[in-house]
Amino acid sequence: AGKTTTAAHYAQEQRQAYTGGVFIINSRQSASVYHSLLKHIARLVISRDARNVVRSLQETKDDFLDLIAERRSVLLIYDSADDLEVIQDLLPSPNARVHVIVTTRCTDHRLMEEGRVIRLPSLEEKAAIGAFLSWSGKGRDTSRIDPSELQAVRRIVNDVQVKGLPLAIRRI
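As the structure is a computational prediction, the values presented were derived from the model and not from experiment.

Q: What am I meant to see in unusual backbone geometry here?
A: Among all residues except glycine, the phi angle is most often negative; among peptide bonds, the trans geometry is most common. Phi is positive for S73, which is not a glycine, with a value near 45°. Note on placement: S73 falls in the loop between α3 (57-69) and β2 (74-79). The partly exposed category is assigned to S73, whose relative accessible area is 23%. Positive phi, close to 60°, is recorded for S80, a residue that is not glycine. In this fold, S80 is placed in the loop between β2 and β3 (98-102).

Q: Whenever I open this one, the nonpolar core confuses me. Can you help?
A: Ranked by size, the top nonpolar core spans 21 residues in total, and within it F23, I25, F64, I68, L76, Y78 and I87 carry the most contacts. For this core, the secondary structure elements donating two or more residues are β1 (21-26), α2 (30-48), α3, β2 and β3. Element by element, the count of residues in this core is highest for α2, at 5 residues. Among all residues touching I25, those that are not within four sequence positions of it are V33, S36, L37, H40, F64, L76, I77, Y78 and D79. If you look at the next biggest cluster of nonpolar residues, it comprises 8 residues, including A128, I129, L133 and V157.

Reading the values: the criteria
- Residues numbered from 1 in each chain as written.
- Predicted model: local features only at pLDDT ≥ 70, side-chain atom pairs only at ≥ 80, totals over all residues.
- Heavy atoms only, no water.
- Helix = DSSP H or I, 4+ residues; strand = E, 2+ residues; numbered from the N terminus.
- Buried < 20%, exposed > 50% of the residue type's maximum accessible area, 1.4 Å probe, protein only.
- Core = buried A, V, L, I, M, F, W, Y, C linked by side-chain atoms within 4.5 Å.
- Contact = heavy atoms within 4.5 Å.

Listed below in structure tokens is the structure:
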């Protein structure tokens, strides 16, 4: 619903500030976290010209956090963390030089006590349709749009992945 797009947009805009790197971790479930971490560990270890054998998810998490702690100015994006317990022990210590973005549909933010929660507002359907039409070069006036095309736009802006979020609508 635009959460990933918003996080990726921020990372792209601010990439020069994160000299230690930007790491996007698929956090949909434990297995995807594990595979994302292995990929990032391999990238970090190769850049250090060292070897590291990873045996378990917990060891992988510990290795990743150790490697991140050695770097300056890092951005971690835990994407699609709808079960916040999956990433709970992957949050760096408060004194680390790491910024963290967690994209989630979860509304229970108790696990995120240290951070700030930013809710992305959705546009009302009429405004979302107007934005879509404007960004597609057709202008905002829906009276000049063919009814079948208008219905297609309505389905797009109300899609479960878009949900009226401006950046998601613009990326279509």
